[in-house]
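# An overview of the molecular structure
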Amino acid sequence: AQKVTQAQTEISVVEKEDVTLDCVYETRDTTYYLFWYKQPPSGELVFLIRRNSFDEQNEISGRYSWNFQKSTSSFNFTITASQVVDSAVYFCALSEDTTSGTYKYIFGTGTRLKVLA
Amino acid sequence: GAVVSQHPSRVICKSGTSVKIECRSLDFQATTMFWYRQFPKQSLMLMATSNEGSKATYEQGVEKDKFLINHASLTLSTLTVTSAHPEDSSFYICSATETGVNTEAFFGQGTRLTVV
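Residues numbered from 1 in each chain as written. Chains lettered and ligands numbered in written order. Predicted model: local features only at pLDDT ≥ 70, side-chain atom pairs only at ≥ 80, totals over all residues. Heavy atoms only, no water.

### Some words on the sheet that holds strand 1 (residues 4-7) of chain B
Residues and elements named next belong to chain B. The condition is simple: At least two bridges found by DSSP between two strands is the condition for calling them paired. Secondary structure counts use DSSP, requiring at least four H or I residues in a row for a helix and at least two E residues in a row for a strand, with both numbered from the N terminus. Orientation is described by lines fitted to C-alpha atoms, with helices fitted over the stretch in contact, and by angles between N-to-C directions that extend from 0 to 180 degrees.
Overall, antiparallel pairing links the four strands, which are arranged 1-3-8-7 in an open sheet. Here the strands that pair on one side only, and so sit at the sheet edges, are strand 1 and strand 7 (67-73). Each strand axis lies, on average, 15° off the axis of its neighbour in the sheet, ignoring direction. Where strand 7 lies against strand 8 (residues 76-81), five bridges are found, and the strand directions are antiparallel. From the neighbouring strand, asparagine 70 faces strand 8, where its bridge partner is threonine 78.

Structure follows, in C-alpha cells:
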C-alpha cells in the first residue's frame, strides 16, 4: 500500500530562520511521482514541485530546495530565510504512475508552518 | 498552468437539503477528475475518481448514494451531497489532469460546505 508520512505536525520558526519539512513515503511502484503543495488559510492548493522516481537530483527554486533520497524514501523540503508569508500548511503527496496520465494522489497529513515576525 | 475552476467556493445549507458542487477544467480536457474531502486541520482524503461517461469509482467507506458524482463532459464533473447533515460539513476539493498529458494534477479552489 502507498503511504506518505509527515511526522512534523506543526513547526514554528522565527523569520529568517531556515526550516526543513520532512516527508517519508512508501510504495511498491518503481515509477511514481512525488509532490509538495502549499495550502494557505484560504484553502487552495498551490503547486510547488513534482519529482519523478527516476530523477534524484536535488532542486533549488529561489528560497526553496528539495532533497530526494530514494535510498531512504524521503523527499524533504527546505525553506531558506523563512518569511511570514511562508506560513501555511504544506503537504507532501505521492501518486501512482498511470498510463492514461491521470493522477490519484496520496497525501501526507501535512505540516503546519508558522513563521513568526 | 492549466486552470480548474470549482464553484461555489462557500455554501451554507440546511440539514436535509442537497448541494451540488461543480468542477470545471477551463482550458483543457480531463477524462478523469478526482474529488477529495478535508476536515479541519486534517489531510486531504480521496473520496472518488470521476470518469467521463461512466460511473465514478468510490474509495472504501465513501457512500456513493450520499455523494453523487456525474462527469457528463470532458470539462465538467459535479459532486452532489444529498440529504446533507452537519457531519458532512467539510472542505471539498477537486483535481484534474489533462487527458494524455503527463503533468501534475491541477486543483480547484475548493468548496467550504457548512450544513446547519
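Let's pick the thread back up.
### Structural notes on the state of the cysteines
The condition is simple: Defined by distance alone, a disulfide is two cysteine sulfur atoms within 2.5 Å. When accessible area is computed with a 1.4 Å probe and restricted to protein chains, residues below 20% of their type maximum are described as buried, those above 50% as exposed, and intermediate ones as partly exposed.
Counted according to the given criterion, the structure contains two disulfides over all chains. Between the sulfur atoms of Cys23(A) and its disulfide partner Cys92(A) the distance amounts to 2.0 Å. Between Cys23(A) and Cys92(A), the disulfide has an S-S torsion of -65° and is therefore left-handed. Of the two residues, Cys23(A) is situated in the loop between strand 3 (19-21) and strand 4 (24-26) and Cys92(A) in strand 10 (residues 88-96); the sequence distance between them amounts to 69 residues. Residue classification places Cys23(A) among the buried residues on the basis of a relative accessible area of 0%. Here Cys23(B) connects covalently by a disulfide to Cys94(B), the sulfurs 2.0 Å from one another. Every disulfide takes its handedness from the sign of the S-S torsion; for Cys23(B) and Cys94(B) that torsion is 85°, giving right-handed. Here Cys23(B), found in strand 3 (residues 19-25), pairs with Cys94(B), found in strand 9 (residues 90-96); they are 71 residues apart in sequence, far enough to count as distant.

### Quick look at the pattern of salt bridges
Residue and element names in this part refer to chain A. What counts is decided by this rule: Salt bridge, as used here, is a side-chain nitrogen of Lys or Arg placed within 4 Å of a carboxyl oxygen of Asp or Glu.
On inspection of all chains with the given rule, the structure shows six salt bridges over all chains. When the shortest N-O distance is used, the salt bridge between aspartate 86 and arginine 63 registers 2.8 Å. Here aspartate 86, found in the loop between strand 9 (74-79) and strand 10, pairs with arginine 63, found in the loop between strand 7 (59-61) and strand 8 (64-69); they are 23 residues apart in sequence, far enough to count as distant. Residue aspartate 86 is classed as buried on the basis of its relative accessible area of 1%. Residue classification places arginine 63 among the partly exposed positions, given a relative accessible area of 25%. The network of salt bridges with shared partners includes Arg51, Asp55 and Glu59.

### Some remarks on the interface of chain B and chain A
Using the following cut-off: Only heavy atoms matter for contacts: two residues are in contact if any of them lie within 4.5 Å across the pair. By convention, the term buried area covers the 1.4 Å-probe accessible surface removed from two parts as they join, with the contributions of both added. Residues adjacent in sequence count toward polar contacts only when both atoms are side-chain atoms; beyond that, a polar contact is any pair of N or O atoms within 3.5 Å, and within protein one must be able to donate a hydrogen and the other to accept it. Polarity classes work like this: nonpolar for Ala, Val, Leu, Ile, Met, Phe, Trp, Tyr, Cys and Pro, charged for Asp, Glu, Lys and Arg, and polar for all others, with Gly in that last group.
Across the boundary between the two partners, chain B contributes 24 residues, which contact 21 residues of chain A. When chain B packs against chain A, the two sides together hide about 1,700 Å² of surface, and 55% of this comes from carbon and sulfur. In this structure, the connection of chain B to chain A is made through zero salt bridges. Run the count over chain B and chain A and you get five residue pairs in polar contact (both at pLDDT 80 or more). When residues of the side of chain B that touches chain A are traced back to their parent elements, those giving at least two are strand 4 (32-38), strand 5 (44-51) and strand 9 of chain B. A per-element tally of the side of chain B that touches chain A places strand 4 of chain B first, with four residues. Residues of the side of chain B that touches chain A, tallied by class, amount to nine nonpolar, ten polar and five charged.

So yeah, pure geometry; function would need other evidence.
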